[in-house]
Structures are given as structure tokens and as C-alpha cells.
Amino acid sequence: MRNSVLELVLLMAALTLAITGSVLAAQESEPALKMSGETAPAINVPSPQAGWLERDTLTGDWGGGRTWLKERGIMLKPRLTQYYQGMTSGDDDHGFEYGGKADLLANADLGKLGFWNGFSMTVHAEYNFGDSVNGRGGTIAPANTGLYFPGIEGADRFDLSSVYLGQTFGDSVSLVFGKINIIDIAGARPFAGGAGIDSFWNIVFTAPPSGTVPPYLFGALLSVRTEPATFGLWVYDPNDVSNMTGFEHPFDDGITFRGSVEFPVTIAGRSGHQGFVALYSTKDGNDLASLDELFLPTWPDNLGTKNDRYYFAYTFDQYLYQSKRNPREGFGLFGQFGISDGNPNRLYWSGHVGLGGAGLIPGRSRDNWGVGYYYAAPSSDLKDSLEPILKIRDEQGWEIFYNLAVTPWLTLGADLQIIETSLADDTAVFAGLRTVIRF
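Predicted model only: the values in this text are computed from it and were never measured. (Residues numbered from 1 in each chain as written. Predicted model: local features only at pLDDT ≥ 70, side-chain atom pairs only at ≥ 80, totals over all residues. Heavy atoms only, no water.)

(A) The arrangement of the environment of Arg 309 in detail. Looking at the secondary structure, you find Arg 309 in strand E12 (residues 309–322). The spatial distance from the C-alpha of Arg 309 to the C-alpha of Asn 343 is 7.8 Å, given a sequence separation of 34 residues. The contact partners of Arg 309, leaving out residues within four places of it in the chain, are Thr 212, Leu 279, Tyr 280, Ser 281, Lys 283, Asp 284, Gly 285, Asp 341, Pro 344 and Asn 345. Reaching out from Arg 309, the side chain makes a polar contact with the backbone oxygen of Asp 284 at a distance of 3.3 Å. (Helix = DSSP H or I, 4+ residues; strand = E, 2+ residues; numbered from the N terminus. Contact = heavy atoms within 4.5 Å. Polar contact = N/O pair within 3.5 Å; in protein donor to acceptor, adjacent residues only side chain to side chain.)

Right under this line is the structure:
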């Protein structure tokens, strides 16, 4: 384990040095090209740099390298997240585990690199290391989203979770196509989201499961923003493409359509949103009501099949208080309620609600916190079919976290989850610490 972490740190350091070196070399070559003219080039005096405790990233501007790349449309965001989490009560091992995620998000404005305006590319590389407590205690909702995706075993630890092209049309229409990390997309949700790194840990609050949207998907996402509402249309392969490119066997098992509409809502001068989601998939699945055939004296020739899937959801977020001096400081409510076909979808319905915010403590404007409750009801057909060997219950749980911004680039967080699990009799309690370093 120590060797893996050391190798990871050295790799990130080497990447930073390589980028910085190449950028500085390019910067040095530019004045030489300009010297062919009779007029001497103007000398650019670098602006004063913030101290290492005040700047937004640990490695700063890379000697001007970050600014140089940004001017050319390239943004690199290296990050290291570490977890120390254990199950302190419940039906399983009560030990604590250390694990982490190193990831690099790269965005390129291809319009600044010679292509047409509005054209872009996004790549997200993720590497998990160590161990996690996911799967302990009989929970059906992973308690640690960051270490659940892309995986924690063998080759599954590493993945290019996003590799997609984007195109904007004016200020209101955007289209992306390729392999897309939906955990990242959901990470922008107000008061929740965060991809298991910047906010809640449990997947219910970071990217609520529907049973019909894979964590990494291959397809196209369209967004149209108008004055009264924002409309979305997703068309994608229903299969998860984790640890795959997405081009292996696209759409062999069907196609999924997801439509959404979100309305901005202002109550008592405070901003919020309310939205609706409708989803339909042509992917077939096993008839969950026929799983009891597996327990017959002879193995069945084939299980029953259920055609198509659907899912509907209502979402909301609403500020209850916003600072007039800094609108990002405040707190508010968020939630979602979703229901599916319940067969072949193994999750019938689920809902969650919570309260989250940022700042509010004098001098702690970068801190954020949240508390949430969720309830998940698996398919009744699945419960009945597996009753002879496994009792499946509805699951409900609470989570509370607080993130302390030690510096702008270093966050230390604490998390507590109390879950009445679906697959075990005892209540599971998870406690953990998390650090996030932005390089």
C-alpha cells in the first residue's frame, strides 16, 4: 500500500514538472521569434503570486505555466482525495480502511487551438487505490461513492471515465458526445452532488441511483437553456461502460432516452430550481418475478423476460438563506423522488431530502456541510422471488458531513452515516475522515 501511494505521489509530481518544463520552454521560445523585428518586444512583468497558504492550488501557477495553458484554452486540474473510513456498528467487519482517488480533469477549448468556436474536449482520468468499506453491513447504497467508481480491484481501479467532445451553439445550447462520467454531471447539484469528494459520501446524495442511468455512459447529451426553463435530452447506450471505451458493442442491448425540464424558482427573493425527469429504455431484462424458478430441483431452460424500462423523477433545490455580500454563502433544501417500473428494474422507488450549505461561520466562507435522509424500496417482485433464501427489506439512512477548508487547496472533512440496511438485521454505522488536495 505504501509503495502504491508513493508511486502515485511521484507520478503526479512528475506530471506537474513535465507540464511546467514544457510550458516554460514554449514561453522562452516565443520572444525569440519576435526578435526578428526591429522593435524590441515588451517585457511582461509577472503579477505577484499569492503565498502557498492563500493560493487555490498547492503547486500554484507552475511558474506561469497554468496561465500560459489557460490562455490557449487548456485547463488541467490534478487532485488527490484520501479516505479513512470504517463501520463502527453493524453486521460485518468493524475495521477501518484507508483508500484514495487520484484524478486529473483536462478541458480543452479546441476553438483556441485552431478549430471552430464552441468546440471542446474533456478527459477525466481516475485511479483508485487502497481499500473501501463498500459492501459491508448489508447496504444496497454504496457508502463511499469516490471509491466505488471506477472500481477498487485490479485493473478496475483505473479508467478514463470521461472522453467526450462538446459543442456550444451561442449561449443557450450545448451538445456533448462520447464516454461521459455521470457522477461528474450530477456533481454540480446544489447542496449535494460533489462526486463523493466535495460534499456527501453516500451515492444517494451524490448521484441518486435510478437503475436506468449507468455511472459511465456512452451517448449524447443535449441541453437547451431558455428564459422559462432548461430542457435536456440524453440518448445513450443502456449498458455501463466502466473500464471500456464505449465503442466495443454500442447499443447492442437497446437504447435509452432521458428527457428533463428544470425551472428556476425564486421564493422570497431566494433562488432555487424544480424539475422533472422522464426516462424510457428498450433494454430487456430478467423478469424478477420468475427468479423463484432458480430454486427448482432442475435448472430452468430460461428465465422470463421483461421488455423495456421506465423511470420518472421530481427534483428540487431551494435556498433558505443567501448572503447578500457573497451569494455562494448560505444554506437550503434539496431532494428528489423517483419511481420506476419495478421489474426488470430492481429499484422500485426511492426518495431523499436534505439540508446543505456553505460558509455561515465568521471567517469560514469556504467550509461546506450537509445532512440528508434517504429511503429506497427494492422491487417487490425481487423481494418475493428471493424470499426463500434472502430477505430483502427497504433501506433508509442518514448522513451528516462537514468539510473544513484548511487552505483554499486543502480540505479536511468528517462524515457519519447511520443506515437501516436492506440485507442485514443490524443498523450499520459508518464514520470517516477525508482529505482533498488540489494540485
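(B) A look at the environment of Gly 187. For Gly 187, the position within the fold is in the loop between helix H4 (182–186) and helix H5 (203–206). Taking the relative accessible area as the measure of exposure, Gly 187 reaches 23% and is therefore partly exposed. Placed 10 residues apart in sequence, Gly 187 and Ile 197 show a C-alpha to C-alpha distance of 9.2 Å. Ignoring anything within four residues of it in the chain, the contact list for Gly 187 reads Ala 192, Gly 193, Gly 194 and Ala 195. (Buried < 20%, exposed > 50% of the residue type's maximum accessible area, 1.4 Å probe, protein only.)

(C) The arrangement of the pairing of strand E1 (residues 74–89) in detail. Where E1 lies against strand E2 (residues 96–109), 13 bridges are found, and the strand directions are antiparallel. Across the sheet, residue Lys 77 finds its bridge partner in E2, namely Leu 105. Count of turn residues in the E1/E2 antiparallel hairpin: six residues, of which Gly 90 carries a positive phi of about 140 degrees. Where E1 and strand E18 (residues 427–438) come together, 10 bridges link them in antiparallel fashion. Across the sheet, Thr 81 pairs through a bridge with Val 436, a residue of E18. (Pairing = 2+ DSSP bridges.)

(D) The arrangement of the side chain of Ser 161 in detail. Mapped onto the elements, Ser 161 comes out in strand E4 (residues 158–169). Among the polar contacts made by the side chain of Ser 161, one reaches the side chain of Glu 126 at a distance of 2.7 Å. With near-sequence residues (within four places) excluded, Ser 161 lies in contact with His 124, Glu 126, Lys 179, Ile 180, Asn 181 and Tyr 216.

(E) A look at the pattern of salt bridges. Counted according to the given criterion, the structure contains 12 salt bridges. Two residues, Arg 79 and Asp 103, come together in a salt bridge whose shortest N-O distance is 2.7 Å. With Arg 79 in strand E1 and Asp 103 in strand E2, the pair connects residues that are 24 residues apart, well separated along the chain. Take Arg 79 and Asp 103: they sit in the same class, and that class is buried. In this structure, Lys 101 engages Glu 126 in a salt bridge whose closest nitrogen and oxygen atoms are separated by 2.8 Å. Of this pair, Lys 101 sits in strand E2 while Glu 126 sits in strand E3 (residues 119–130), placing them 25 residues apart in sequence. Both residues of the pair, Lys 101 and Glu 126, count as buried. Each of Arg 79, Asp 103, Asp 198 and Arg 438 takes part in a single network of salt bridges with overlapping partners. (Salt bridge = Lys/Arg side-chain N within 4 Å of Asp/Glu carboxyl O.)

(F) Quick peek at the packing of aromatic side chains. Within this structure, the stated rule accounts for 27 aromatic pairs. Ring centres 5.5 Å apart and planes at 45 degrees place the aromatic pair Phe 276 and Tyr 314 in the tilted group. Taken together, the positions of Phe 276 in strand E9 (residues 270–281) and Tyr 314 in strand E12 put the pair 38 residues apart, joining distant regions of the chain. Look at Phe 276 and you get partly exposed, because its relative accessible area is 44%. Overall, the relative accessible area of 29% leaves Tyr 314 in the partly exposed class. Pairing Phe 337 with Trp 349 gives two aromatic rings, centres 5.7 Å apart and planes at 40 degrees, and the pair type is tilted. A residue pair is termed long-range when its members are at least 10 positions apart, and Phe 337 in strand E13 (residues 330–340) and Trp 349 in strand E14 (residues 347–358) qualify at 12 residues. Given the relative accessible area of 26%, Trp 349 is considered partly exposed. Through pairs of rings, three or more aromatic residues link up here, namely Phe 200, Phe 205, Phe 334, Tyr 374 and Phe 401. Here the basic side chain of Arg 258 rests over the ring of Trp 234, its NZ or CZ set 4.0 Å away from the ring centre. (Phe/Tyr/Trp six-rings, centres within 6.5 Å; stacked < 30°, edge-to-face > 60°. Lys NZ or Arg CZ within 6 Å of the ring centre and 35° of its normal.)

That is the geometry; function is a separate question.
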